[in-house]
Amino acid sequence: MGQPAGMATSDPRPFAVVTGASSGIGFALARQFHDSGFDVMVAAEDDAIHAAAAELGAEPVQVDLAVPEGVEALYARIVETGRPVDALALNAGIGMGGEFADGTDLEQELRLVDLNCRSTVHLAKLVLRDMKARNAGRVLITSSIASTMPGAFQAVYNASKSFDQSFGLALRNELKDTGITVTVLMPGPTDTEFFERADMLDTAVGTGEKDDPADVARDGFEAMMAGEERVVSHSLKTKLQGRASRVLPDSAKAAMHRRMAEPGSADK
């Protein structure tokens, strides 16, 4: 990108915006866009977004998307480019593990809801309004395989990802007769900083095998470009979990999740 705001309208390269892009799946998604010929704007709260952007030749926007002002600031930067958003990857999110009643922090859980759910709705509203006016665009929403099961010891996180999945599939249906597609990415455990940040390094899922974020991002990018409804990524184990979730009762899925996510389960 690198051009002054409002002076890139003649650039024939498509333009993508990726949130939560300083590391992990978000950074890998930004790389997928970059390597596929997109100009990319990347957003995250932490300082690492600048190094990530420099590595990709992308435009960094350091904002806290867990607050409305951060979403509005990101959208203002998008508008300043004078370019339509061809692809939007709504990937920003955090997790939290522990027993809900007295083992987790309410303030952090409310922030999780703000980032994982509210910011997704807020930015989607602003960008989809513009896409609808042009009758063109692609949206990728990062949900999780966790969205398919009651998240014992990750209660708020799993619920937030269930929201993201439902929201994305609803938007897809609303926009089915337009030139806009919405795709939901459903990763399994992935080798990122997620489990450390969620205080889950003593859990079975936190210490178990994980997918490469590059593989997950490639699956999501290819599904979005193909206009697919959703993609479960990446390992066979994660795909089998997705299939099993269609037939197992919720009580069984909650018990299975408990074995993976209960504090101390890494030693069991």
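Within any chain, residue numbers begin from 1 and follow the written order of that chain's sequence. Only residues with pLDDT of 70 or above have their local features reported here, since the model is predicted, and side-chain atom pairs are shown and tallied only from 80 upward, although totals for entire chains, interfaces and linings are computed over all residues. Think of the side-chain values as coming from all heavy atoms in the structure, minus any hydrogens and water.

Peer 1: So what exactly am I meant to see when it comes to the overall build of the protein here?
Peer 2: A run of DSSP states H or I qualifies as a helix once it reaches four residues; a run of E qualifies as a strand once it reaches two. Both are numbered from the N-terminal end. Counting its secondary structure elements, the protein contains 10 helices and seven strands. To get the radius of gyration, use the C-alpha atoms; to get the globule rule, take the number of residues to the power 0.38 and multiply by 2.2 Å. Against the 2.2 N^0.38 benchmark of 18 Å for 268 residues, the protein shows a C-alpha radius of gyration of 18 Å, consistent with a compact globule. On the principal axes, the C-alpha backbone points of the protein span a range of 60 × 40 × 30 Å. Three exposure classes are used, based on accessible area relative to the maximum for each residue type with a 1.4 Å probe and protein chains only: buried under 20%, partly exposed in between, and exposed over 50%. Counting every position in the protein, which comprises 268 residues, the buried fraction comes to 49%. Working rule for contacts: check all heavy atoms of both residues, and any pair within 4.5 Å makes them a contact. For the protein, long-range pairs separated by at least 24 residues make up 68% of all intrachain contacts whose partners lie at least 6 apart in sequence. Note that accessible areas follow from Shrake-Rupley with a 1.4 Å probe, and for residues the cover is restricted to the protein chains shown. Carbon and sulfur atoms provide 52% of the accessible area of the protein, an area that totals close to 12,200 Å².

Peer 1: I tried to follow the packing of aromatic side chains on my own but got confused; where do I start?
Peer 2: Aromatic rings in a pair are described by how distant their centres are and how their planes are angled relative to each other. Any Phe, Tyr or Trp ring, taking Trp's six-membered ring, that has another such ring centre within 6.5 Å forms a pair; planes under 30 degrees apart are called stacked, those over 60 apart edge-to-face, and the others tilted. Tallied over the full model, the rule gives six aromatic pairs. Ring centres of Phe33 and Phe38 lie 5.0 Å apart, and the angle between their planes is 80°; this geometry places the pair in the edge-to-face category. In terms of burial, Phe33 and Phe38 fall into one category: buried. When the ring of Tyr157 is compared with that of Phe194, the centres are 5.0 Å apart and the planes differ by 55°; the resulting orientation is tilted. Here Tyr157 is found in helix H5 (residues 155-174), whereas its partner Phe194 is found in helix H6 (residues 194-197), with 37 residues between them in sequence. By the burial criterion, Tyr157 is buried, and Phe194 matches it. Positioned above the aromatic ring of Phe195, the side-chain terminus of Lys210 is 5.1 Å from the ring centre. As a reminder, the over-ring test applies to NZ of lysine and CZ of arginine, requiring each to be within 6 Å of the ring centre and within 35 degrees of the ring normal.

Peer 1: Sorry, what's going on with the packing of helix H1 (residues 24-35) against helix H8 (residues 213-225) here?
Peer 2: Angle between the axes and distance between the axes are the two parameters that describe a pair of packed helices. With their axes 8 Å apart at the nearest point, H1 and H8 run at an angle of 55° to one another. If you check the angle between H1 and H8, you find them oblique. The two elements H1 and H8 cross, and the hand of that crossing is right-handed. Side by side, H1 and H8 meet where Gly24, Ile25, Ala28, Leu29, Gln32 and Phe33 of the first sit next to Pro213, Ala214, Val216, Ala217, Arg218, Phe221 and Met224 of the second. Only the stretch in contact is used when a helix axis is fitted, and all axes are lines through C-alpha atoms; the angle between N-to-C directions ranges over 0 to 180 degrees. Just so you know how the angles are binned, under 35 degrees is roughly parallel, over 145 roughly antiparallel, 65 to 115 roughly perpendicular, and the rest oblique. Two helices that cross are described as forming a left-handed crossing if the nearer one is turned anticlockwise from the farther one by less than a right angle, and a right-handed crossing if clockwise.

Peer 1: Help me understand the side chain of Asp219, please; the structure alone is not making it clear to me.
Peer 2: Looking at the secondary structure, you find Asp219 in helix H8. Here Asp and Glu are counted as negative and Lys and Arg as positive; His is not counted, and neither are the chain ends. Should a side-chain nitrogen of Lys or Arg be within 4 Å of a carboxyl oxygen of Asp or Glu, the pair is scored as a salt bridge. Buried and without a salt bridge, Asp219 has Arg218 as its closest oppositely charged side chain, separated by 4.9 Å. We define a polar contact as two N or O atoms separated by no more than 3.5 Å, with the added condition that, inside protein, one atom must be a possible hydrogen donor and the other a possible acceptor, whereas residues neighbouring each other in sequence contribute only through side-chain atom pairs. A polar atom in the side chain of Asp219 sits 2.7 Å from the side chain of Ser233.

Peer 1: Help me understand unusual backbone geometry, please; the structure alone is not making it clear to me.
Peer 2: Peptide bonds are mostly trans, and most non-glycine residues show a negative phi. Not every positive phi belongs to a glycine, and Asn135 is a case in point at roughly 60°. Along the chain, Asn135 falls in the loop between helix H4 (106-134) and strand S5 (137-142). Notably, Phe153 is not glycine yet its phi reads approximately 70°, a positive angle. Secondary-structure assignment places Phe153 in the loop between S5 and H5.

Peer 1: Looking at this structure, how should I read H8?
Peer 2: In an α-helix, one full turn covers 3.6 residues, which means residues spaced three or four apart are oriented alike. Here H8 spans 18 Å end to end across 13 residues, near enough to the 18 Å set by a 1.5 Å rise per residue. Restricting attention to buried positions, one finds in H8 the residues Pro213, Val216, Ala217, Asp219, Gly220, Phe221, Ala223 and Met224. Turning to H8, the residues buried within the fold contact H1, strand S4 (87-90), S5, strand S6 (180-187) and strand S7 (230-233). By this rule, a helix spans an expected 1.5 Å times one less than how many residues it contains.

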